[in-house]
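Now for the letters of each chain:
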Amino acid sequence: MPVPVVEAVKSHIDLEAEIGGYAAAARQSAPLQSVYDSVARLVNAAPDEIALTENATVAWQMAFYALSFQAGDRILTAEAEYAANYVAYLQVAKRTGAIIEVVPSDARGEIDIGALERMLDERVKLIAITWIPTNGGLVNPAAAVGRIARAHRIPYLLDACQAVGQIAVDVEALGCDMLSATGRKFLRGPRGTGFLYVRRAMLERLEPPMIDHFAAPWVARDAYRLRDDARRFETWENNYAARLGLGVAVDYALDIGLGAIEARCRLLAGRLRSGLAAIPGVTVRDLGRSPSAIVSFTVEGQEARAVVRAAGAVGITIGVSDPSSTRLDAEARALPLLVRASPHYYNTEAEIDRLLECVSGLTRV
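Only a predicted model underlies this, so the values are computations on that prediction, with no experimental measurement involved.

Participant: Please clarify how the packing of aromatic side chains should be interpreted in this entry.
Facilitator: Two numbers describe a pair of aromatic rings. These are the distance of the centres and the angle of the planes. Scanning the entire structure with this criterion turns up eight aromatic pairs. Joined through ring pairs, the aromatic side chains of W60, F64, Y65, F69, Y86 and Y89 make up one cluster. We note R227 situated over the ring of F214; from NZ or CZ to the ring centre the distance is 4.7 Å. Note that R231 overlies the ring of Y36, its terminal NZ or CZ placed 3.6 Å from the centroid.

Participant: How should I be thinking about the sheet that holds strand β5 (residues 156-159) in this particular structure?
Facilitator: Within a beta sheet, neighbouring strands are joined by backbone hydrogen bonds and run either parallel or antiparallel to one another. Reading across from one edge, β1-β7-β6-β5-β4-β2-β3 is the order of the seven strands in this open sheet, with mixed pairing throughout. Edge positions in the open sheet fall to β1 (50-53) and β3 (99-103), since each of these has one partner strand only. Pairwise comparison of adjacent strand axes, ignoring direction, gives a mean angle of 20° for this sheet. Examined bridge by bridge, strand β6 (residues 178-182) and strand β7 (residues 194-198) share five bridges and lie antiparallel to one another. Across the sheet, residue M178 finds its bridge partner in β7, namely V198. Along the sheet, helix α5 (residues 83-96) makes contact with β2 (74-78), β3, β4 (124-130) and β5, crossing β3 at roughly 145°.

Participant: Help me out: how do you make sense of unusual backbone geometry in this one?
Facilitator: One non-glycine residue, N44, lies in the positive phi region at around 60°. Along the chain, the position of N44 falls in the loop between α3 (29-43) and β1. Look at N44 and you get partly exposed, because its relative accessible area is 39%. Unusually for a residue other than glycine, R188 sits at a positive phi of about 65°. Following the sequence through the fold, R188 ends up in the loop between β6 and β7.

Conventions we followed
- Residues numbered from 1 in each chain as written.
- Predicted model: local features only at pLDDT ≥ 70, side-chain atom pairs only at ≥ 80, totals over all residues.
- Heavy atoms only, no water.
- Phe/Tyr/Trp six-rings, centres within 6.5 Å; stacked < 30°, edge-to-face > 60°.
- Lys NZ or Arg CZ within 6 Å of the ring centre and 35° of its normal.
- Pairing = 2+ DSSP bridges.
- Helix = DSSP H or I, 4+ residues; strand = E, 2+ residues; numbered from the N terminus.
- Axes fitted to C-alpha atoms, helices over the stretch in contact; angles between N-to-C directions.
- Contact = heavy atoms within 4.5 Å.
- Buried < 20%, exposed > 50% of the residue type's maximum accessible area, 1.4 Å probe, protein only.

Okay, structure coming up:
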């Protein structure tokens, strides 16, 4: 997290310690309200189309479970779909008899737009894909999917968890009806924050799967009335310190500029990929025409966690991606546990080269 984000979280916790949670929230009502404005600017939406949530998964679930499915209804998704989303499809299919269908990938590993269009009929009730998967650099053609969804008037739910903060996000250009994202990861906000965008026209069709008296005020003894904005997907109690941190993180990214951030991320990731590809015994596992700043690879003769430990010993923090997190893609490509490195704009070329030197050393062992 950037220093201003940390300071925003800490200062609100200090204020709560001094005067109590209710009074602190009341005193900070204007900055808390402005978080909606900031997130809306980030994704080119209106503030009333934004709900703030505890994380990206909750955001996605609130949208997905607000949709209605019946036996025979079809849900179309992509091979690179994230595990949390896919198990939700499985649960709804089990409950309702809806059918999950996976759109094949093209030769580059991206969702095949032609195949998607050929699969459409009146039984398709949702198109839901992950824009950038957790296990590598693939960037699915989300806007092309959106054009097809709009042309056929099919609801479109986009998981942008790995995209927000590293590339420009414009919900109008994407054509999505719903978009979920996290505050952590590339946006550099606090853990325990996320948001959901719901197109205003879509709001009228969605009743949240769970409500409280904030989402739906109790207007009479036997009646409630859903809010007319996206906050119908929120609850009354929230972590206001983290929300303030989220707002600062969004403003911080906007001040730098998402175009500049994306260019820097791609430069560093490209340096890392080309360097890894030049090391004998290293295989870069990323797909797509224009990969993101998530770089996945394997080292011959080295278990992924051993590579992570070796990098940590020289001051480089990377991670692993388990095949179960993207099972369809992992099974199709017979992927093992992957090493995953995610350079961001604040990283240096020297840090990239230090990781390359570390990995090269492992291949000589």
